[in-house]
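Fold and geometry: a report
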Amino acid sequence: MSPLRANVYVAPAIPWSKPNGKEGGPWSPISCTLIHSDNEAVLVDTPITNAQNEDLAAWIESTIPGKRLTTIYITHGHADHWLGINMLQKRFPGVRAVATEGTVAHMKQQVEPAAFKATWGTQFPNQIDTEFALADPLPASGEFQLEGHILRAIEVGHSDTHDTTVLWVPDISLAVCGDVVYGDVHCMLGAANTKALREEWITAIEKVEALHPETVVPGHMKPGELTGTFHLAATKQYIRDFGDVVGEDGKNAREIAGEMLRRYPTRFNQGALLVGAMAAAKIGQMGKL
Ligand SMILES: [Zn+2]
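Structural notes, computed from the coordinates. Being a predicted model, the structure only gives us computed values, none of them experimental.

The subject of this paragraph is the layout of surface pockets. For the largest pocket, the calculated volume is near 760 Å³. Along its surface, the largest pocket is lined by 31 residues, and W27, W120, Q123, M188 and V275 are the ones closest to its centre. Residue assignment for the lining of the largest pocket shows that the elements contributing at least two residues are β3 (23-26), α3 (101-110), α4 (113-118), α5 (120-123) and α9 (270-288). Split by residue class, the lining of the largest pocket holds 13 nonpolar, 14 polar and four charged.

Right under this line is the structure:
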């Protein structure tokens, strides 16, 4: 069997819009991983907008000339990791998209008309392909093949959202981690807004550690970052630090974000940090009532 290789493309950060049309800040850069053997390839996750997905498609063509993209694997339901499926299926005829049942159910929720209009449709107006193509559910084993090599979806539970997975590629000890692991980008703690959910996220990372990966690709990372296993411990530490900073003493969102920025001055996307800080502060205040 021919050896597997892999490349990572990071779709650069783009601005998102508030409901009033004003710029809301940057959206975190999104990693897309291409795993390939002699003749075929699997892509993990896509970015959001038509322009981003055009760039991704051009990168795929130049990275694996002569090889056929057969499958797109989606790590979790957040639409910023899969809105390119339809465009890529047109560009690469015959490519199928797959995900776990939990991811497929979450994908459907993301594009229900009212939900889509209130979120992605507002944040990226007229930039998204709204002929949505969803993934097909994988069998319960989570396994599929790339020219005889097994690839396996590993369900790890709640990380920055529910029902998240990593794609495990045993032959090259590669874990493509979606939102379970972050690079030098602020983790989105808007949904993981309680101590119990933050602990669940840490448990999800420990499930990746138990695979003993040699390479770890974070779902959100800066272009050019290494895809090292150190991201596992770094993401756990970030989540623990966030919990310590939130503490028990009812800090407000600005205080939480300010202290996290002091501890993590290089991480990208302060807006993502602020969303998490606001969610944690709100829960803290509700606990005090
Ligand atoms: Zn994400």
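Alright, that's what it looks like, and here's the rest.
A few words on the coordination of the zinc ion. The protein atoms that coordinate the zinc ion are H81 (NE2), D179 (OD), D179 (OD) and H220 (NE2), at distances of 2.1 to 2.6 Å. For the zinc ion, the four donor atoms in the first shell make angles of 53 to 120° at the metal, so the coordination geometry reads as irregular. Summarised as a motif, the one-chain spacing of the donors to the zinc ion is H-x97-D-x40-H. Highlighted residues: H81 in the loop between β6 (68-73) and α2 (85-91) and H220 in the loop between β13 (215-217) and α7 (230-246), separated in sequence by 139 residues. Each of the two residues, H81 as well as H220, counts as buried.

The buried count for strand β5 (residues 40-44) comes to four of five residues, which makes it a mostly enclosed element. Here strand β4 (residues 30-36) pairs with β5 via four bridges, running antiparallel. From the neighbouring strand, T33 faces β5, where its bridge partner is V44. Between β4 and β5, which pair antiparallel in sequence order, lie three residues. Across five bridges, β5 lies against β6 in parallel orientation. In the sheet register, V42 faces β6, and the bridge partner there is T71. Between the parallel pair β5 and β6, the chain is carried across by helix α1 (residues 50-63), and the sense of this crossover is right-handed.

Inspection of every chain in the model, using the stated rule, returns 13 salt bridges. A salt bridge links R91 to E61; the nearest nitrogen and oxygen atoms lie 3.1 Å apart. Within this pair, whereas R91 is found in helix α2, its partner E61 is found in helix α1, the two being separated by 30 residues in sequence. Judged by relative accessible area, R91 falls into the partly exposed class, the value being 30%. The closest approach of N and O atoms between D241 and R263, which form a salt bridge, is 3.5 Å.

Moving on, we come to unusual backbone geometry. The general pattern is negative phi for most residues beyond glycine and trans for most peptide bonds. Residue E147 is not a glycine yet carries a positive backbone phi of 45°. Position of E147 relative to the elements: it lies in the loop between β9 (143-146) and β10 (149-157). On the basis of relative accessible area, E147 is assigned to the partly exposed category, the value being 27%.

A few words on helix α8 (residues 253-263). Restricting attention to buried positions, one finds in α8 the residues A253, I256, A257 and M260. Buried residues in α8, looked at end-on, bunch into an arc of 90°, giving them a common side. In α8, the exposed positions that point more than 90 degrees away from the buried face belong to R254 and R262. Its side-chain oxygen placed 3.1 Å from the backbone nitrogen of R254, N252 serves as the N-cap of α8.

Across the sheet, which stays open at both edges, the six strands sit in the order β1-β4-β5-β6-β7-β8 with mixed pairing between neighbours. Taken across any chain shown, the strands that pair with only one partner, and hence form the sheet edges, are β1 (5-11) and β8 (136-137). As defined by bridge partners, β6 adjoins strand β7 (residues 96-99) across three bridges and the pair is classed as parallel. Note that in β7 the partner of Y73 across the bridge is V98. α1 contacts β1, β4, β5 and β6 of the sheet and is inclined by roughly 155° relative to β1.

Now for the nonpolar core. Soluble globular proteins tend to bury their nonpolar side chains together. Of all hydrophobic cores here, the largest spans 37 residues; its most connected members are L34, L43, L56, I60, L69, W82 and L88. Of all the elements in the fold, those that place two or more residues in this core are β1, β4, β5, α1, β6, α2, β7 and α3. In terms of residue count, α1 provides more of this core than any other element does, four residues in total. With sequence-adjacent residues up to four places away left out, L43 is seen in contact with C32, T33, L34, L56, I60, L69, T71, I72, Y73 and L88. Of all hydrophobic cores here, the second largest spans 35 residues; its members include I154, V180, V216 and A280.

Rules of the game
Residue indices follow the written sequence of each chain, beginning from 1 at its first position. Only residues with pLDDT of at least 70 get local features here, since the model is predicted, and only at 80 or more are side-chain atom pairs given and counted; chain-wide, interface and lining totals rely on the full set of residues. Neither water nor hydrogens contribute to the side-chain values; these are computed over all heavy atoms in the structure. In the cavity and pocket records, a cavity denotes points on a 1 Å grid over the protein atoms alone where a 1.4 Å probe fits but cannot get out, a pocket denotes an open set with protein on both sides within 12 Å along at least 5 of 7 lines, and lining residues are residues with an atom within 4 Å of a point. Grid points are joined across faces, edges and corners, and a volume is the space filled by probe spheres set on the points. A helix here means a DSSP run of H or I that spans at least four residues, while a strand means a run of E at least two residues long, and both kinds are numbered starting from the N terminus. Ten residue types, Ala, Val, Leu, Ile, Met, Phe, Trp, Tyr, Cys and Pro, are classed as nonpolar, four, Asp, Glu, Lys and Arg, as charged, and the remainder, Gly among them, as polar. In this description, a donor is an N, O or S atom within 2.8 Å of the metal centre, a cutoff extended to 3.2 Å for sodium, potassium and calcium. Water is not part of the atom list, which can make sites seem incomplete. Angle rules define the geometry names used: all angles between 85 and 135 degrees makes four donors tetrahedral, while opposite donors over 155 degrees apart and all other angles between 65 and 115 make four donors square planar and six octahedral, leaving every other case irregular. Between buried and exposed lies partly exposed: a residue is buried under 20% and exposed over 50% of the maximum accessible area for its type, with that area taken using a 1.4 Å probe on protein chains only. The pairing criterion for strands is at least two bridges between them, as found by DSSP. A right-handed crossover is one whose linking path, passing over the helix from the first strand to the second, runs clockwise when the strands point away from the viewer. For salt bridges, the criterion is a side-chain nitrogen of Lys or Arg within 4 Å of an Asp or Glu carboxyl oxygen. Starting at the helix axis, one direction is taken to each C-beta atom, and the arc is that of these directions. Whenever two N or O atoms come within 3.5 Å, that pair is a polar contact, provided that in protein one can donate a hydrogen and the other can accept it, and provided that, for residues adjacent in sequence, both atoms are side-chain atoms. Contacts: residue pairs with any heavy atoms within 4.5 Å of one another. Axis lines are fitted through C-alpha atoms, for helices just across the contact stretch, and the angle between N-to-C directions can take any value from 0 to 180 degrees. In this text, buried Ala, Val, Leu, Ile, Met, Phe, Trp, Tyr and Cys residues form a nonpolar core when linked through side-chain atoms within 4.5 Å.

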